[in-house]
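Geometric and topological summary
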Amino acid sequence: MFESINTLLDEHADLTEKMGDPAVHADQTRARKIGRRFAELEKIVKAHNRWKQLGEDLEDAKELAQEDPDFAAEVPQLEEEYEEATETLHRLLIPRDPDDARNVILEIKGGEGGEEAALFAADLARMYLRYAEHRGWKTEIISATESDLGGYKDVHIGITGNANDPAEGVFAHLKYEGGVHRVQRVPVTESQGRIHTSAAGVLVFPEVDEPEEIQINQADLKIDVYRSSGPGGQHVNTTDSAVRITHLPTGIVVAMQNEKSQIQNREAAMRVLRSRLLAHQQEELEAAAAETRASQVRTMDRSERIRTYNFPENRIADHRTGYKANNLDRVLEGDMDPVIDSLISMDESERLAALGEKTKA
């Protein structure tokens, strides 16, 4: 059992030595990668030590139980703890998404439903900002295009974590949020009190740690500048400060106009472009290996309807896991842990089952 553990234990020992090397910490990018991997392996090592110790204790208790009834009474409890430790170690040995420890850029867009969809997009943005606040993450509005009633036609939010452990990473928790979010409620623009259905789209991009991580050829970029505009087409300023960057090989387009300076808007656009290109690379890899993909919880289909927010019944329902709860008001205040934990649990279970099938084969 756990044939791969010795390799991981050796890697942990090697990383422990590197963590004490001043030369490693002189290179922040390298130090960050080593720190993340060390934090991941540290949990595996501790779980393995506990599993091993419980196995030895159980074996000793069974042997001594033949002569002492007190030890016989301990056997069932030790067996239960040993099974739990085995399950924990199994889950920790599931290969993680390499992007789990990354920070993210969330993009939220109002979909079908006009002004109501824009207002719902603003509700989602607030929900994620509150959730990040609860977890102690830092947030920033990178760009936002407001609607006439104060909603968001689109908004980019940067979320930065505070832990090396990939399991506690921002992307590890928010990567399941990509897709179409549907809302059912009476819009503020509805005079007859009828319930309408509208939607907003959420895209989740792992953020690039260092600009050099994604190589961008300047010749592949088409950069346009224009005047910023606000709701209703009114000009925010009279200078060409807004920037639109098109990455010609992929067709990815990023536009920024929130900052007063063209340079600042260009930097923000490049930040988002790098994250989109990283996600594009990952999608190509996933598409190439679609037949061996271990989990279907997080798909590449950005048009997938993943969740419904029903205001009249105060109900939230996730269509992938079947999670339902009548606490929509709390979820919108950032209490998202139960719904996200259900997604993480389902994802782990599916990958664990796939790993088991692979081992049998």
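That block above? That's the structure.
Residues numbered from 1 in each chain as written. Predicted model: local features only at pLDDT ≥ 70, side-chain atom pairs only at ≥ 80, totals over all residues. Heavy atoms only, no water.

Here we look at the overall build of the protein
Counting its secondary structure elements, the protein contains nine helices and 11 strands. A burial count over the protein gives 41% of its 361 residues as buried. Expressed as a percentage of contacts within the protein between residues at least 6 apart in sequence, the contacts between residues at least 24 apart total 63%. Carbon and sulfur atoms form 48% of the exposed surface of the protein, whose accessible area is close to 19,000 Å². (Helix = DSSP H or I, 4+ residues; strand = E, 2+ residues; numbered from the N terminus. Buried < 20%, exposed > 50% of the residue type's maximum accessible area, 1.4 Å probe, protein only. Contact = heavy atoms within 4.5 Å. Areas by Shrake-Rupley, 256 points an atom, 1.4 Å probe, with all protein chains shown as cover.)

Description of the packing of aromatic side chains
Applying the stated criterion across every chain yields a total of three aromatic pairs. Ring centres of Phe120 and Tyr309 lie 5.4 Å apart, and the angle between their planes is 65 degrees; on these two criteria the pair is classed as edge-to-face. Here Tyr309 lies in strand 9 (residues 305-310) and Phe120 lies in helix 5 (residues 115-134), a separation of 189 residues in the sequence. Overall, the relative accessible area of 0% leaves Phe120 in the buried class. The ring of Phe311 carries the charged tip of Arg185 above its face, separated from the ring centre by 4.7 Å. (Phe/Tyr/Trp six-rings, centres within 6.5 Å; stacked < 30°, edge-to-face > 60°. Lys NZ or Arg CZ within 6 Å of the ring centre and 35° of its normal.)

Thoughts on helix 5
Compared with the 28 Å implied by 1.5 Å per residue over 20 residues, the 29 Å span of helix 5 between its first and last C-alpha is a close match. Downstream of helix 5 by one or two residues, Gly136 has phi in the positive range, about 80 degrees. (Expected span 1.5 Å × (residues − 1).)

Let's talk about the side chain of His12
Relative to the helices and strands, His12 is located in helix 1 (residues 5-19). Residue class for His12 comes out buried when judged on its relative accessible area of 12%. Contact partners of His12, with chain neighbours within four places excluded, come to Phe38, Leu41, Glu42 and Val45.

Details of the pattern of salt bridges
Following the criterion strictly, the structure yields 32 salt bridges and no others. Linking Asp123 and Arg185 is a salt bridge whose minimum nitrogen-to-oxygen distance equals 2.7 Å. Residue Asp123 is located in helix 5, and its partner Arg185 is located in strand 4 (residues 179-185); the two are separated by 62 residues in the primary sequence. Here Arg185 falls in the buried class, since its relative accessible area comes to 11%. With a shortest N-O distance of 2.7 Å, Arg320 and Asp318 are connected by a salt bridge. (Salt bridge = Lys/Arg side-chain N within 4 Å of Asp/Glu carboxyl O.)

Digging into the environment of Glu40
Checked against the element boundaries, Glu40 lands in helix 3 (residues 28-65). Considering only alpha carbons, one finds Glu40 and Leu93, 53 residues apart in sequence, at a separation of 9.9 Å. Setting aside residues no more than four positions away along its own chain, Glu40 makes contact with Arg96 and Pro166.

Regarding the nonpolar core
Core analysis: the largest hydrophobic core is formed by 38 residues, its most contacted members being Leu106, Ile108, Leu124, Tyr128, Ile159, Leu174 and Tyr309. Breaking this core down by element, the ones donating at least two residues are strand 1 (104-110), helix 5, strand 3 (152-160), helix 6 (170-174), strand 5 (196-206), helix 8 (328-331) and helix 9 (337-360). The biggest single contributor to this core is helix 5, with nine residues. Ignoring sequence-local partners within four residues, the contact set of Tyr128 consists of Leu106, Ile108, Leu174, Glu177, His181, Val202, Arg307 and Met336. Listed in part, the 20 residues of the second largest apolar core include Phe38, Ala61, Val75 and Leu78. (Core = buried A, V, L, I, M, F, W, Y, C linked by side-chain atoms within 4.5 Å.)

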